[in-house]
Amino acid sequence: LYAGYDRTHINFEIAGLYPGPVAGPTPPTTTPQSSLQTEFGSSNLSSNFNQIRAGIRVLDVIGIEAHYGRKDGSNDGSAPNTVAVNNYEGIYFVPTGTVLGTLEVAAVLGYDWIQLDRPGASVSLHSVAYGVNAELPIRVFWDKLPDFRLGGGFMVYQHDSGSRVYGSHFGVRYDFSL
């Protein structure tokens, strides 16, 4: 059983509308905006949010994790090119391996739901999500330390033909001895 906290930075990219072949001598010079771009006022937005996660190892090298995240108090999505993560939830299957007996490397595969807000705009997205984590147990420095791990990673939280949400995170995890 383990639990952790991560500080997360995401990017929200919204694709434009891509017209098909254009009849005539001159193709358009700009890509028309999608309704999501118009609603959010930009095609590239970013945010920070706080995330907690809890997991259990079902086998020695396979875990199942649940994640929950919310915006931090400083970001309401009103600053230029920002969006607020109002809510984030995910459930993940996490196969893990160890490099040189110390560094834990994990693939993160699952499904998540994320709600992004900006004044006058809101969207709820859900998708297959995937990523990679690396965590270093601090016990490698002194075996009498608590079973904390420092780590980080990269995730794709949502993707489809119209948009994608991806980012990086860093934080700490504690493994409980039961």
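Below is a summary of the structure that appears in this document. Bear in mind the structure is a predicted one, so any value in this text is a computation, not a measurement.

## Examining the environment of asparagine 86
Within the element layout of this structure, asparagine 86 appears in strand E4 (residues 84-99). Sequence spacing of asparagine 86 and leucine 116 is 30 residues, and the spatial spacing of their C-alpha atoms is 5.8 Å. Setting aside residues no more than four positions away along its own chain, asparagine 86 makes contact with Arg70, Lys71, Gln115 and Asp117.

## What about the side chain of arginine 149?
Within the secondary structure, arginine 149 sits in strand E7 (residues 148-159). With a relative accessible area of 8%, arginine 149 lands in the buried category. For arginine 149, the side chain forms a polar contact with the side chain of aspartate 147, separated by 2.6 Å. Engagement of the side chain of arginine 149 in a polar contact is seen with the side chain of aspartate 175, the distance being 3.4 Å. For arginine 149, the contacting residues outside a window of four places in its chain are Glu104, Glu135, Leu136, Pro137, Gly171, Val172, Arg173 and Asp175.

## Description of the nonpolar core
Counting residues in each nonpolar core, the largest one holds 23 residues, and the members touching the most others are Ile10, Phe12, Phe40, Tyr92, Ile114, Leu116 and Val165. Among the elements of the structure, strand E1 (2-14), helix H1 (35-40), strand E2 (44-59), E4, strand E5 (103-118), strand E6 (121-137) and E7 are those that each provide at least two residues to this core. Discounting residues that sit within four places of it in the chain, isoleucine 10 has contacts with Leu45, Ser46, Ser47, Phe49, Val85, Ile114, Leu116, Tyr157, Val165, Tyr166 and Gly167.

Here is what the cut-offs are and how they apply
Residues numbered from 1 in each chain as written. Predicted model: local features only at pLDDT ≥ 70, side-chain atom pairs only at ≥ 80, totals over all residues. Heavy atoms only, no water. Helix = DSSP H or I, 4+ residues; strand = E, 2+ residues; numbered from the N terminus. Contact = heavy atoms within 4.5 Å. Buried < 20%, exposed > 50% of the residue type's maximum accessible area, 1.4 Å probe, protein only. Polar contact = N/O pair within 3.5 Å; in protein donor to acceptor, adjacent residues only side chain to side chain. Core = buried A, V, L, I, M, F, W, Y, C linked by side-chain atoms within 4.5 Å.

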